[in-house]
Amino acid sequence: MLTKSLKILNDHDQALSNEGQDVIQGLTRTPKSIPPKYFYDDRGSELFEQICELPEYYPTRTEAWILQQYADEIAQITGACELVELGSGSSTKTLFLLDAYQKLASYCRYIPVDVSRGILQSSVLKLQQKYPAFFIEGLIGTYEQALAKLESTFAASRMIFFLGSSLGNFNPQECDKFLGQIAKTLQPGDYFLLGIDLQKPKEILEPAYNDSQGITAAFNLNMLSHLNWRFQGNFDLNLFTHQAIYNQTDAQIEMYLHSQKSHQVSLKALNLQVSFTEGESILTEISRKFDLAIMQEQLKMHGLKTLKTWTDPQEWFGLILCQA
Ligand code: AVJ
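Rules behind the numbers
- Residues numbered from 1 in each chain as written.
- Predicted model: local features only at pLDDT ≥ 70, side-chain atom pairs only at ≥ 80, totals over all residues.
- Heavy atoms only, no water.
- Buried < 20%, exposed > 50% of the residue type's maximum accessible area, 1.4 Å probe, protein only.
- Helix = DSSP H or I, 4+ residues; strand = E, 2+ residues; numbered from the N terminus.
- Pairing = 2+ DSSP bridges.
- Right-handed = clockwise from strand over helix to strand, strands pointing away.
- Arc of directions from axis to C-beta.
- Contact = heavy atoms within 4.5 Å.
- pLDDT = per-residue confidence, 0-100.
- Salt bridge = Lys/Arg side-chain N within 4 Å of Asp/Glu carboxyl O.
- Near = heavy atom within 4 Å.
- Polar contact = N/O pair within 3.5 Å; in protein donor to acceptor, adjacent residues only side chain to side chain.
- Areas by Shrake-Rupley, 256 points an atom, 1.4 Å probe, with all protein chains shown as cover.
- Nonpolar A, V, L, I, M, F, W, Y, C, P; charged D, E, K, R; others polar.
- Core = buried A, V, L, I, M, F, W, Y, C linked by side-chain atoms within 4.5 Å.
- Phe/Tyr/Trp six-rings, centres within 6.5 Å; stacked < 30°, edge-to-face > 60°.
- Axes fitted to C-alpha atoms, helices over the stretch in contact; angles between N-to-C directions.

For the protein chain, the name recorded in an unreviewed UniProt entry is L-histidine N(Alpha)-methyltransferase, with Nostoc paludosum FACHB-159 as its organism.

Another aspect to go through is the pairing of strand β7 (residues 158–162). When you tally the buried positions in β7, you get 5 out of 5 residues, the bulk of the element. Along β7, one buried face is formed by Arg158, Ile160 and Phe162 and the opposite face, lined by Met159 and Phe161, is buried too. Two elements, strand β3 (residues 82–86) and β7, share 4 bridges in a ladder whose sense is parallel. Bridging across to β7, Glu82 finds its partner in Arg158. Taken together, β7, helix α8 (residues 172–185) and strand β8 (residues 191–197) constitute a β-α-β crossover, and its handedness is right-handed.

Quick look at helix α11 (residues 292–301) now. Leu292, Met295, Gln298 and Leu299 are the residues of α11 that are buried. An end-on view of α11 places all buried positions within 115° of arc, on one side of the element. Within α11, the exposed residues directed more than 90 degrees away from the buried face are Ile294, Lys300 and Met301. On the buried face of α11, the contacting elements are α8, β8, β14 (305–311) and β15 (317–323). Two residues or fewer after α11 comes Gly303, characterised by a positive phi angle close to 80°.

Let us now look at the confidence of the model for the protein chain. On average, the protein chain scores 93 in pLDDT, and the residues at 70 or more come to 95%. For residues 12–16, every residue scores under 50 in pLDDT, and the model assigns this stretch 1 contact once sequence neighbours within four places are set aside. Both scores are given for the predicted complex: the pTM is 0.93, the ipTM 0.99.

On to the pattern of salt bridges, then. Two side chains bearing opposite charge may form a pair once their charged atoms approach each other closely. Going through the model one piece at a time under the given rule, you end up with 14 salt bridges. A salt bridge links Lys103 to Asp72, with the shortest nitrogen-to-oxygen separation between them at 3.0 Å. Taken together, the residues span a long stretch of sequence, with Lys103 in helix α5 (residues 94–104) and Asp72 in helix α4 (residues 58–78) at a distance of 31 residues. For Lys103, a relative accessible area of 63% corresponds to the exposed category. With relative accessibility at 34%, the residue Asp72 sits in the partly exposed group. Among the charged side chains, a salt-bridge network with shared partners connects Glu82, Arg109 and Arg158.

This part is about the site of the ligand. In the region of the ligand, 14 residues are neighbours, and Tyr57, Gly164, Tyr209, Glu285 and Ser287 sit closest. Within the side chain of Tyr209, one N or O atom sits 2.5 Å away from an oxygen atom of the ligand. A distance of 2.6 Å separates a nitrogen atom of the ligand from a polar atom in the side chain of Glu285. Burial of the ligand by the surrounding chains reaches 97%, relative to a free accessible area of 360 Å². Elements represented by at least two residues in the shell around the ligand include exactly α3 (42–52), α10 (215–231) and β13 (281–288). Of the residues contributing to the shell around the ligand, the split by class is 7 nonpolar, 6 polar and 1 charged.

Counting residues in hydrophobic clusters, the biggest one holds 37 residues, and the most contacted among them are Leu27, Phe235, Phe240 and Leu267. Secondary structure elements with two or more residues in this core: α2 (21–28), α3, α9 (202–208), α10, β9 (240–247), β10 (252–259), β11 (263–267) and β12 (272–276). Among the elements that line this core, the one with the most residues is α10, at 7 residues. Contact partners of Leu267, with chain neighbours within four places excluded, come to Val23, Leu27, Leu227, Phe231, Gln232, Gly233, Phe235 and Leu272.

In the structure shown here, the tally under the stated rule is 20 aromatic pairs. Here Tyr143 and Phe162 contribute two aromatic rings whose centre-to-centre distance is 5.1 Å and whose plane-to-plane angle is 85°, an arrangement assigned as edge-to-face. Taken together, the residues span a long stretch of sequence, with Tyr143 in helix α7 (residues 143–151) and Phe162 in strand β7 at a distance of 19 residues. Owing to a relative accessible area of 22%, Tyr143 belongs among the partly exposed residues under this scheme. Aromatic side chains Tyr143 and Phe170 sit 6.4 Å apart centroid to centroid with 80° between the ring planes, which places their arrangement in the edge-to-face category. Separated by 27 residues along the polypeptide, Tyr143 in helix α7 and Phe170 in the loop between β7 and α8 bring together distant segments of the chain. Since its relative accessible area comes to 14%, Phe170 is described here as buried.

Taken together, 4 strands build an open sheet; the order of strands is β2-β13-β10-β9 and the sheet is mixed. Each end of this open sheet is capped by a strand with a single partner; those strands are β2 (32–33) and β9. In terms of strand pairing, β9 meets β10 through 8 bridges, oriented antiparallel. Bridge pairing in β10 places His242 opposite Leu257. Of the strands in this sheet, β9, β10 and β13 touch α10, which is tilted by about 60° from β10.

Take a look at the structure:
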């Protein structure tokens with residue numbers, strides 16, 4: 001039953017031939033960087049779930065509050081439609097939406113997309129039990145793979161949603177490209193629901209990425225373990241430390257791993273040798289903080305018209321519903 005509700009988009013042979021090219025590029029450049037998608041092996045997805053529960057990490061509970069308040073309204077605006085979630089993770093916040101759509105129509109298609117097989121498998125299983133009348137099919141793969149696959153599938157009406165401010169991981173050019181892909185995938189009349197973290201003082205932002213329990217540090221370092229198993233690497237996690245700073249100019253949190261001494265690392269499967277100097281850093285993530293009005297303009301440039309926006313009382317997080 002479960003195998004039928006999970007589709008693997010990541011064709012293995014193909015993956016082997018070009019997977020990791022982005023790691024090679026990032027680690028042979030100055031300054032060094034690794035794409036944030038490498039956070040999310042099964043262990044990383046688990047650590048991220050723990051981050052979402054941290055007292056300092058306000059985005060998840062703030063967005064969940066907004067969804068809880070307004071999911072019914074969102075469902076009423078769009079009417080019954082197929083729901084596609086990019087980067088679904090544990091789908092915890094999604095329950096508010098699924099409940100709202102269940103009230104609208106007893107039958108609903110929900111397609112969660114995630115790169116982590118473990119978390120997708122367990123969330124699809126849970127959701128099938130909670131919503132036995134729904135058609136639920138998880139897609140294991142990247143956003144690009146999923147969007148390419150969705151283009152060819154005909155659905156009467158569809159809402160793609162992208163929550164948790166995952167958009168913040170893209171730099172402005174990548175963001176533009178991504179929104180272009182979304183716009184291309186949507187048929188006229190389809191919906192896009194976007195959750196974005198909003199600009200706020202550094203005093204709130206920095207602790208959210210430097211929690212007192214060290215979970216975010218473990219999450220950041222886990223990227224190196226992931227590269228070790230995936231690409232036969234020998235990163236020594238003890239030689240790196242976590243850092244997160246808010247860059248006011250670019251309105252983004254930047255997460256780094258700092259090398260504590262000069263040393264060499266090899267990634268055999270990538271045929272790669274990397275040298276680190278003492279104090280050298282790897283940029284592992286940017287997390288941009290947005291302006292609600294500017295984002296609506298950007299969406300409009302891609303032909304996505306905002307129907308309604310919602311925020312929390314402190315205006316820390318925003319939700320935008322737009323239509324193609
Ligand atoms: C999942 C990308 C939205 O940027 O806040 C949390 C990831 N990194 N703590 C974020 C993250 C460190 C998160 N996103």
